[in-house]
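Observations on the model geometry
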Amino acid sequence: MPKPGASESAANPYAEGRGPTEWNEGRHGVGPWEGPLPDDPRYDPELLTDGDHRNVVDAYRYWTREAIVADIDTRRHPLHIAIENFENDSNIGTVVRTANAFAVDTVHIVGRRRWNRRGAMVTDRYQHLMHHDTVGELIEWAHDHGVTVVAIDNTPGSVPLETAELPEKCLLLFGQEGPGVSAEAQDNAVMTCSIAQFGSTRSINAGVAAGIAMHAWIRQHADLSRAW
Ligand SMILES: C[S@@+](CC[C@H](N)C(=O)[O-])C[C@H]1O[C@@H](n2cnc3c(N)ncnc32)[C@H](O)[C@@H]1O
């Protein structure tokens with residue numbers, strides 16, 4: 001854990017049992033480092049001089065992007081996320097941001113390379129992303145890496161996510177607004193899981209569905225004592 005800059009009011013925010021969004025200035029960031037500059041190579045000289053206003057937890061204040069990614073890499077979950085991107089990319093940013101929050105291993109984008117990064121709120125810089133042209137390529141990748149594919153959609157024959165046991169080394173595969181998860185994806189998944197709904201809408205937003213499903217995996221497999 002880095003020594004908080006003197007401009008952060010509390011000497012040790014962790015000791016007070018507060019969460020990462022309650023520590024000090026939060027979204028406004030921190031000003032220039034006060035006192036002698038540390039020589040730890042994880043720190044970014046420019047951030048130390050100018051202040052750090054990025055959307056990162058306080059533990060990573062003043063760290064270089066590379067140092068942050070390397071640190072998350074030491075404790076990423078064996079959870080992969082994939083989203084089909086043949087038509088509509090508007091939810092991918094949300095999916096990437098949530099995947100970052102849960103220290104997902106990699107977000108796989110299937111289909112078009114381009115997607116709107118706005119919703120990711122810069123979290124894509126700290127998240128491993130991989131592109132696959134086709135569902136077939138993704139399935140082959142998962143097979144080669146021993147990752148079990150679970151499709152997420154509310155199609156007939158799906159298993160309720162609320163009671164399903166998700167594999168630990170798992171790839172959760174989401175569809176798009178409109179078509180939903182492709183038939184090829186479902187055919188190659190060990191199961192398709194649905195999120196229980198009770199209202200009038202046929203489905204929920206894919207980004208929201210991804211958040212719910214990722215958290216279902218977290219509840220089953222994550223070591224909660226390691227959360228921020
Ligand atoms: C807006 S949905 C579209 C498809 C949906 N099957 C339909 O009939 O309208 C887009 C994606 O969000 C996810 N999704 C939405 N609602 C879901 C639910 N209740 N259970 C599981 N996944 C859901 C799935 O990955 C789905 O492919």
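Note that this is a predicted model, so its numbers are computed, not measured. (Residues numbered from 1 in each chain as written. Predicted model: local features only at pLDDT ≥ 70, side-chain atom pairs only at ≥ 80, totals over all residues.)

Okay, the overall build of the protein next. Broken down by element type, the protein carries 6 helices and 7 strands. The proportion of buried residues among the 228 residues of the protein is 34%. Look at the contacts in the protein between residues 6 or more apart in sequence, and 67% of them connect residues 24 or more apart. (Helix = DSSP H or I, 4+ residues; strand = E, 2+ residues; numbered from the N terminus. Buried ≥ 20, exposed ≤ 12 C-beta atoms within 10 Å, placed from the backbone. Contact = placed C-beta atoms within 7 Å.)

On to helix α3 (residues 92–101), then. Counting buried residues in α3 gives 9 out of 10 residues, a clear majority hidden from the surface. Taken residue by residue, α3 has Ile92, Gly93, Thr94, Val95, Val96, Arg97, Thr98, Ala99 and Asn100 as its buried positions. Elements that come into contact with the buried residues of α3 comprise β1 (77–85), β2 (104–111) and α6 (206–221). After α3 finishes, the residue Ala103 shows a positive phi value of roughly 50 degrees.

This next bit is on the sheet that holds strand β7 (residues 191–194). Across the sheet, 7 strands lie side by side as β3-β2-β1-β6-β4-β7-β5; this open sheet has parallel pairing. Edge positions in the sheet fall to β3 (128–132) and β5 (159–160), since each of these pairs with one other strand and no more. One ladder, built from 7 bridges, connects β1 with β2; its direction is parallel. Residue pairing across strands places His77 opposite Val104, the latter belonging to β2. Helix-sheet contacts for α6 involve β1, β2, β4 (148–152) and β6 (170–174), and the interaxial angle to β6 is about 160 degrees. (Pairing = 2+ DSSP bridges. Axes fitted to C-alpha atoms, helices over the stretch in contact; angles between N-to-C directions.)

So, about the packing of α3 against α6. Across the interface, α3 lies against α6 with an axial gap of 8 Å and an inter-helix angle of 20 degrees. In terms of their interaxial angle, α3 and α6 are classed as roughly parallel. For the pair α3 and α6, the sense of crossing is right-handed. For the pair formed by α3 and α6, the contact residues are Thr94, Val95, Thr98 and Ala99 on the first element and Gly207, Ala210, Gly211 and Met214 on the second. (Parallel < 35°, antiparallel > 145°, perpendicular 65-115°, else oblique. Left-handed = near helix turned anticlockwise from the far one by under 90°.)

Attention now moves to the nonpolar core. Counting 39 residues, the largest nonpolar core has Ile81, Val150, Ile152, Leu171, Leu172, Leu173 and Phe174 as the members making the most contacts within it. Contributing elements (two or more residues each) for this core: β1, α3, β2, α4 (135–144), β4, β6 and α6. In this view, Ile152 contacts Leu172, Leu173, Phe174, Val181, Cys193, Ala209 and Ala213; residues no more than four positions away in its chain are not counted. Of all hydrophobic cores here, the second largest spans 6 residues; its members include Tyr43, Leu47, Tyr60 and Tyr62. (Core = buried A, V, L, I, M, F, W, Y, C linked by C-beta atoms within 7 Å.)

Attention now moves to the environment of Val69. Considering the arrangement of structural elements, one finds Val69 in helix α2 (residues 65–73). Residue classification places Val69 among the partly exposed residues on the basis of 15 C-beta atoms within 10 Å. Sequence separation between Val69 and Tyr126 is 57 residues; the distance between their C-alpha atoms is 5.4 Å.

Note that Gly51 resides in the loop between α1 (45–50) and α2. For Gly51, a count of 19 C-beta atoms within 10 Å corresponds to the partly exposed category. Leaving out residues up to four positions away in the same chain, Gly51 has contacts with Gly29, Val30, Gly31 and Pro32.

Moving on: the pairing of β2. For a regular strand, side-chain orientation follows a simple rule: the groups alternate between the two sheet faces. Extensive coverage of β2 is indicated by the burial of 7 of its 8 residues. Pairing analysis gives 5 bridges linking β2 to β3, with the strands arranged parallel. Among the inter-strand pairings, Val107 is bridged to a residue of β3, identified as Leu129.

Here we take up the environment of Phe102. Considering the arrangement of structural elements, one finds Phe102 in the loop between α3 and β2. It is 9.9 Å that separates the C-alpha atoms of Phe102 and Trp217, two residues lying 115 residues apart in sequence. Those residues within four positions of Phe102 in sequence are excluded, and the remaining contacts are His77, Met214 and Ile218.

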